[in-house]
Amino acid sequence: MDNVQQAELTRNLNLKTELGNSATIYQNNPAMVTAAADFNAVNDLNLQAASAANPNNSGYSKEKNNYKKTLSKNAANLSGKAYVKLNKLGKTVIADTLSINPTDYFSLADSAFAALCKKAYDIMLANVDDLKPDYVTEAMLTAFLNKINTFLSLQGTSDLKHEVSPLLTETFDQSFKPVRLAVEEIKLMVRDFDDPDYQYYDSAFYSRVMTACEMPTVNVHHTYVNIVALSKSTGKAIEGIFFSLENAKKSGTTDWEGKLTIEKVKSGKDVLKGVLNGKTIYSEHIEIKRGKDNDFNLELTIDS
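Criteria and cut-off values
Residues numbered from 1 in each chain as written. Predicted model: local features only at pLDDT ≥ 70, side-chain atom pairs only at ≥ 80, totals over all residues. Heavy atoms only, no water. Helix = DSSP H or I, 4+ residues; strand = E, 2+ residues; numbered from the N terminus. Buried < 20%, exposed > 50% of the residue type's maximum accessible area, 1.4 Å probe, protein only. Contact = heavy atoms within 4.5 Å. Pairing = 2+ DSSP bridges. Axes fitted to C-alpha atoms, helices over the stretch in contact; angles between N-to-C directions. Core = buried A, V, L, I, M, F, W, Y, C linked by side-chain atoms within 4.5 Å. Phe/Tyr/Trp six-rings, centres within 6.5 Å; stacked < 30°, edge-to-face > 60°. Lys NZ or Arg CZ within 6 Å of the ring centre and 35° of its normal. Arc of directions from axis to C-beta. Parallel < 35°, antiparallel > 145°, perpendicular 65-115°, else oblique. Left-handed = near helix turned anticlockwise from the far one by under 90°. Nonpolar A, V, L, I, M, F, W, Y, C, P; charged D, E, K, R; others polar.

*Asks:* What's the story with the overall build of the protein chain in this structure? I'm lost.
*Replies:* Tallying secondary structure elements over the protein chain gives 12 helices and 7 strands in all. Projected onto its principal axes, the C-alpha positions of the protein chain cover 80 × 50 × 30 Å. Every one of the 304 residues in the protein chain was classed for burial, and the buried ones make up 40%. For the protein chain, the proportion of contacts with a sequence separation of at least 24, taken over those separated by at least 6, is 68%.

Structure, rendered in structure tokens:
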């Protein structure tokens, strides 16, 4: 995950939080309700893709892992009490949307875990009038939300290391597209609340949503591996060489000019391997420098 994607996830979380906290403001505006629901749906898919593909677990934090265990119990306990009360009231459909076991939460990667906690919070807040005063109260939910935000603010990760799958990474990259579209739709729908002559006027809500839609400032320093492959005997470009990076788990094939650029590569030591017509024609240990173009101009010997 690069820093632009991380900034986008932060933006999405800010917007999700604002839409959840202010749901009562727009609950009678069908278009805005639909826009918020559409955003939450695709944002959840984006978070699931992030948890599956996120390769950077080097910052493991025992503190975050322990806090995650505690918060999992808190989320399950509150959800369990809400589940019981909602079932007593015959609201079984709503009750069944709650996750009531600590393992339902703790087993997830950090981003998906926080999203599930926030989902539980949103459901209980929307039904708090049915839950208070004996099961779940606004004060309990406020404390729960504060704990979710504390978890999100903790540095590092509780996730275990796993191998990076190119397919999962591509799925993660593509999962941002529908979220971006949903954000733009929210910007259009929320304009109802910026018109003093319209029934939904609430300029403060409009300002908060538009602020939440803004991307945090990031410094973009991508790492690239640029390859030019030429024949040692003729000096001509070699098309069709399949190059792969062993540690970065990224690959590509040279074009008619013998060129290939592999984008967003992890820095550090790696092995660059080139295969042509099923035969390995290049294999070397390399050092990839962070945040810059890493150029490899190769003169290769191939069978005539």
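*Asks:* Even after reading the chapter, I still don't get unusual backbone geometry, so can you show me in this structure?
*Replies:* Outside of glycine, negative phi angles account for most residues, and trans bonds account for most peptide bonds. Cis geometry marks the peptide bond from lysine 132 to proline 133; its omega dihedral reads 5°. Among the structural elements, proline 133 can be located in the loop between helix H8 (128-131) and helix H9 (138-153). The phi angle at lysine 249 is positive, at roughly 60°, despite the residue not being glycine. The residue lysine 249 is located in the loop between strand E2 (242-245) and strand E3 (250-253) in this model.

*Asks:* Teacher, can you tell me more about the pairing of strand E1 (residues 224-231) here?
*Replies:* For a regular strand, side chains alternate in direction, first toward one face of the sheet and then toward the other. As paired strands, E1 and strand E7 (residues 293-300) are joined by 8 bridges and run parallel to one another. Paired with valine 228 across the strands is asparagine 297, a residue of E7. The sheet contact formed by E1 and strand E4 (residues 259-262) spans 4 bridges and is antiparallel. The partner of asparagine 226 across the bridge, within E4, is threonine 261.

*Asks:* I tried to follow the sheet that holds E4 on my own but got confused; where do I start?
*Replies:* One key point about sheets: their strands pair by backbone hydrogen bonds, in either a parallel or an antiparallel sense. In space, the 3 strands of this open sheet follow the order E4-E1-E7, with mixed pairing throughout. Bordering the open sheet on either side are E4 and E7, each of which pairs with just one other strand. Here the average twist between neighbouring strands, direction ignored, is 15°.

*Asks:* Please clarify how the nonpolar core should be interpreted in this entry.
*Replies:* Across soluble globular proteins, nonpolar side chains have a tendency to be buried as a group. Among the nonpolar cores identified, the biggest contains 25 residues, and Leu71, Leu98, Tyr105, Cys117, Met124, Val136 and Phe144 are the most heavily contacted of them. Counting only elements with at least two residues in this core, the list comes to helix H4 (62-88), helix H7 (110-126), H8 and H9. Tallying contributions element by element places H7 first for this core, with 8 residues. For tyrosine 105, the residues in contact, after removing those within four places along its chain, are Lys68, Ser72, Ala75, Ala76, Ser79, Ser99, Phe113, Leu116, Cys117 and Ala120.

*Asks:* Is there a simple way to explain the packing of aromatic side chains in this structure?
*Replies:* Any two aromatic rings considered together are summarised by their centre-to-centre distance and by the angle between their planes. In this structure the tally under the stated criterion is 7 aromatic pairs. Ring centres of phenylalanine 243 and tyrosine 282 lie 6.4 Å apart, and the angle between their planes is 65°; on these two criteria the pair is classed as edge-to-face. Separated by 39 residues along the polypeptide, phenylalanine 243 in strand E2 and tyrosine 282 in strand E6 (residues 279-288) bring together distant segments of the chain. Summarising the burial analysis for this pair, phenylalanine 243 and tyrosine 282 share the class buried. One aromatic cluster is present, built from ring pairs that chain together Tyr26, Phe193, Tyr198, Tyr200 and Phe205. Of note, lysine 64 hangs over the ring of phenylalanine 151, and the distance from its end group to the ring centre comes to 4.9 Å.

*Asks:* Quick question: what am I supposed to make of helix H12 (residues 203-212) here?
*Replies:* Those residues of H12 that sit buried are Phe205, Tyr206, Val209 and Ala212. Seen end-on, H12 carries its buried residues on one side only, within an arc spanning 130°.

*Asks:* Sorry if this is basic, but what is going on with the environment of alanine 182 here?
*Replies:* Relative to the assigned elements, alanine 182 resides in helix H11 (residues 176-189). For alanine 182, a relative accessible area of 4% translates into the label buried. Sequence separation between alanine 182 and aspartate 104 is 78 residues; the distance between their C-alpha atoms is 28 Å.

*Asks:* Looking at this model, I keep getting lost on the packing of helix H3 (residues 30-53) against H11. Mind explaining?
*Replies:* The geometry of a pair of packed helices is captured by two quantities: the angle between their axes and the separation between those axes. Remark: H3 packs on H11, axes separated minimally by 9 Å, with the N-to-C direction vectors making an angle of 160°. Judged by the angle between their axes, H3 and H11 are roughly antiparallel. Note on packing geometry: the crossing formed by H3 with H11 is left-handed. Where H3 approaches H11, its residues Ala31, Met32, Ala35, Ala36, Phe39, Val42, Asn43 and Asn46 are matched on the opposing element by Phe176, Pro178, Val179, Ala182, Val183, Ile186 and Met189. Taken together, the residues of the contact of H3 with H11 sort by class into 13 nonpolar, 2 polar and no charged.

*Asks:* Quick question: what am I supposed to make of the sheet that holds E2 here?
*Replies:* In spatial order, the strands read E3-E2-E5-E6; together these 4 strands make up an open sheet with antiparallel pairing. Both edges of this open sheet fall to E3 and E6, since each of them pairs with a single strand only. Looking at each pair of strands side by side, their axes are set apart by 15° on average, direction ignored. Across 4 bridges, the pairing between E2 and strand E5 (residues 268-276) is antiparallel. By the bridge assignment for E5, phenylalanine 243 is matched with glycine 274.

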